[in-house]
Amino acid sequence: MKIICVILAFWGLFRWDLTEDKRYSLNDASKDLVASLDAPADVTIYLDGDLNSGFTRLKRATEELVEELDIYGDISWQTGDGKELEQRGLAPTVVHERTKDGRTAQTAVWPYATVTYKGRTAIVSLLRSTRGQSGEENLNQSIENLEYAFAEAIHSLLQTEPQRIAFLEGHNELPEEAVFDISQSLARYFQIDRGVLGNDPSVLDPYKVVIIADPQQSFSETDKYILDRYIQRGGRILWCLNGVRFSQDALSKEGMTPVIPLDLNISDLLFRYGIRVNPSLLQDIQCLPVPVNVSADPQQPNFQPVPWYYAPLLLTSQQSPITRNVGQVSCTFASHLDAVGGDDGITKEILLATSTASRMTATPAEVDLGDLNPDLTTFKYSYIPVAVRLEGVFPSIFAHRLPPEGIADTTSGTQHTEHKAAKQIVVASGSVIRNEWQNGEPLPVGFDRYSQMQFGNRDFLTNAVLYLADDEGLINLRQKEIALRLINTESAYRHKPVIQTVSISAPIVLLAITGLCVSLIRKRKYVRTA
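About the criteria used
Residues numbered from 1 in each chain as written. Predicted model: local features only at pLDDT ≥ 70, side-chain atom pairs only at ≥ 80, totals over all residues. Heavy atoms only, no water. Pairing = 2+ DSSP bridges. Helix = DSSP H or I, 4+ residues; strand = E, 2+ residues; numbered from the N terminus. Expected span 1.5 Å × (residues − 1). Bend = angle between axes of the 7 residues up to and from the residue. Buried < 20%, exposed > 50% of the residue type's maximum accessible area, 1.4 Å probe, protein only. Core = buried A, V, L, I, M, F, W, Y, C linked by side-chain atoms within 4.5 Å. Axes fitted to C-alpha atoms, helices over the stretch in contact; angles between N-to-C directions. Contact = heavy atoms within 4.5 Å.

S.K.: Lay out the sheet that holds strand E21 (residues 365-368) in plain terms, naming residues and giving numbers.
M.R.: The strand order E11-E12-E21 describes an open sheet built from three strands, whose pairing is antiparallel. In the strand order of this sheet, the two ends are held by strand E11 (244-245) and E21, each with one partner. Summarising the sheet, E11 and strand E12 (residues 256-261) pair through two bridges and their orientation is antiparallel. Each bridged residue has a counterpart across the sheet, and for Arg245 the counterpart in E12 is Ile260.

Written out as structure tokens, the structure is:
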């Protein structure tokens, strides 16, 4: 038996996960994914060098994960020099630390890994950074995200042809340059097309996900019919819609803009699916600042940041894999969503919401930059939904109705016969997906150039599209949670002499007691024998 145990220990990795949070266990989706590899995969970990304790823990967790994946598939790994990644445009992360003597030290680390399979390579980012989190919390979130990061990379390498997604055009949606940043992010996973619907009801069938980014013109009945057919066939749509119409140019030039309800002629379609975009205007105390000239002298302007209550910073749900560990999401002129339909079999989950101090303004209304001091006691609403996930078999608005005039194919009869499970995400703000430009360069989506802060828009949108396109359930790997148990450094330094004394003396005392017990037992045994 001992020989068998030695052989098993030599040839394989065996681990019995007794942890409460199952931090050393792989999800079944990861096991099935790795088992589907029909050729060796090679992993190179670039997180190496003079690392602090936090990054050492991240490196060790990465190595252990790869070794665990190797049990279910043919995966080998080695470490690499992070400077090799500079040629690929990946900059190192500079870690600032304070030494024991009070000096500040800087260390450059490359928190990346690469997975190579059949001549193709995918880059895995090992480090996640959320604004407002401490370094230890970000490292812990990074360890939680490791399994999903590697599964996502392996899944992309297994795709012989990239999946296709489409940005819809024809209703004055955001132009290509206004969604440049999120398009670049999604291009890592998908082939991205843009186009109008036309009159072919099957035009959307080749696309895994359709993105509707801030339309400003009404949808025709033909457009609604094509979208409804797409949903009935199991399609997936990301709606980024404004509930109100306003003028950004008028606000910039004149300091005010009228706000009126925006009728896109899709309220009945969304209502049928179980959601309603209300023509309201949200304000939130937790918001972005806006520079306002507070100087009375026009010759000497003095711009100071003032809270812009119409630009709320939305809270993300930590219960959903789409928004877990995603920072606040910025937006402007958002509306609120209502779930309708009751118990209709459609799963509805809030993804984004306002803070605990917000209010709703009915439209028509007027937004004036000169009125930046509202009565804060009226901000009495909490967690108003702004983004909702919908999943299930959606009823058709065109059931028992003739197709609209102009549809190219009317052979399907008067009702839809296909009813497959579909997914949708509705966001009641078009600004969530829009990026700005500065000096001819696109800014990251969710980046506020006045405060120079990056918010979680890109992560939210990328996760949303990956969820919509996900058939294997890989997005659920983001729900892995590892409890963060930090050492009280102040207490540790204060009791350092005691801890050192116990750490050194305890093994010696234990060894002495064990030796004494063994000696007494042997002495008693052999005395009785004699």
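Having seen the model, we can carry on.
S.K.: How would you explain helix H4 (residues 135-158) if you had to name every residue and give the values?
M.R.: Between its first and last C-alpha, H4 extends 34 Å over 24 residues, near the 34 Å set by a 1.5 Å rise per residue. The sharpest bend along H4 reaches about 45° and sits at Asn145. Counting buried residues along H4, 19 of its 24 residues qualify, which places the element largely inside the surrounding structure.

S.K.: Describe the nonpolar core, and please don't skip the residues or the numbers.
M.R.: In this structure, Phe150, Trp239, Ile433 and Phe460 are the most contacted members of the largest nonpolar core, which totals 113 residues. If you look at the next biggest cluster of nonpolar residues, it comprises 15 residues, including Trp308, Tyr310, Leu372 and Phe455.

S.K.: Can you break down the pairing of strand E1 (residues 41-45) residue by residue, with the values?
M.R.: Taking burial as the measure, the five residues of E1 include four buried ones, the bulk of the element. In this structure, E1 lies alongside strand E5 (residues 112-117), joined through five bridges in antiparallel fashion. The residue bridging Ala41 from the neighbouring strand is Tyr117, located in E5. Pairing between E1 and strand E2 (residues 75-79): five bridges, direction parallel. Following the sheet pairing, Ala41 is matched in E2 by Ile75.

S.K.: Give me the lowdown on the sheet that holds strand E6 (residues 120-125), citing residues and values where you can.
M.R.: If you walk across this open sheet you meet the four strands as E2-E1-E5-E6, and the pairing is mixed. Looking at the sheet topology across the chains shown, the edges are occupied by E2 and E6. Recorded for the sheet is a direction-independent mean angle of 20° between the axes of neighbouring strands. Here E5 runs beside E6; their pairing, made up of six bridges, is antiparallel. Bridge pairing in E6 places Tyr117 opposite Arg120. Here helix H3 (residues 53-72) sits on the sheet and contacts E1 and E2; the angle it forms with E2, its principal contact strand, is near 160°. Contacts between H4 and the sheet are confined to E1, E2, E5 and E6, with E6 contributing the most and set at about 160° to the helix.

S.K.: Requested: an account of unusual backbone geometry, with residues and values cited.
M.R.: In this structure, the amide linkage connecting Thr363 to the following residue, Pro364, adopts the cis form with an omega of 10°. Structurally, Pro364 is set in the loop between strand E20 (358-362) and E21. Positioned with a positive phi, Asn172 is a non-glycine residue whose angle comes to about 60°. Tracing the backbone shows Asn172 in the loop between strand E7 (163-168) and helix H5 (180-186). Classification of Asn172 by relative accessible area gives partly exposed; the value is 45%. One non-glycine residue with positive phi stands out, namely Asn439, at about 55°. Tracing the chain through its elements places Asn439 in the loop between strand E24 (437-438) and strand E25 (441-442).

So far we have only geometry, and geometry alone does not tell us how the molecule works.
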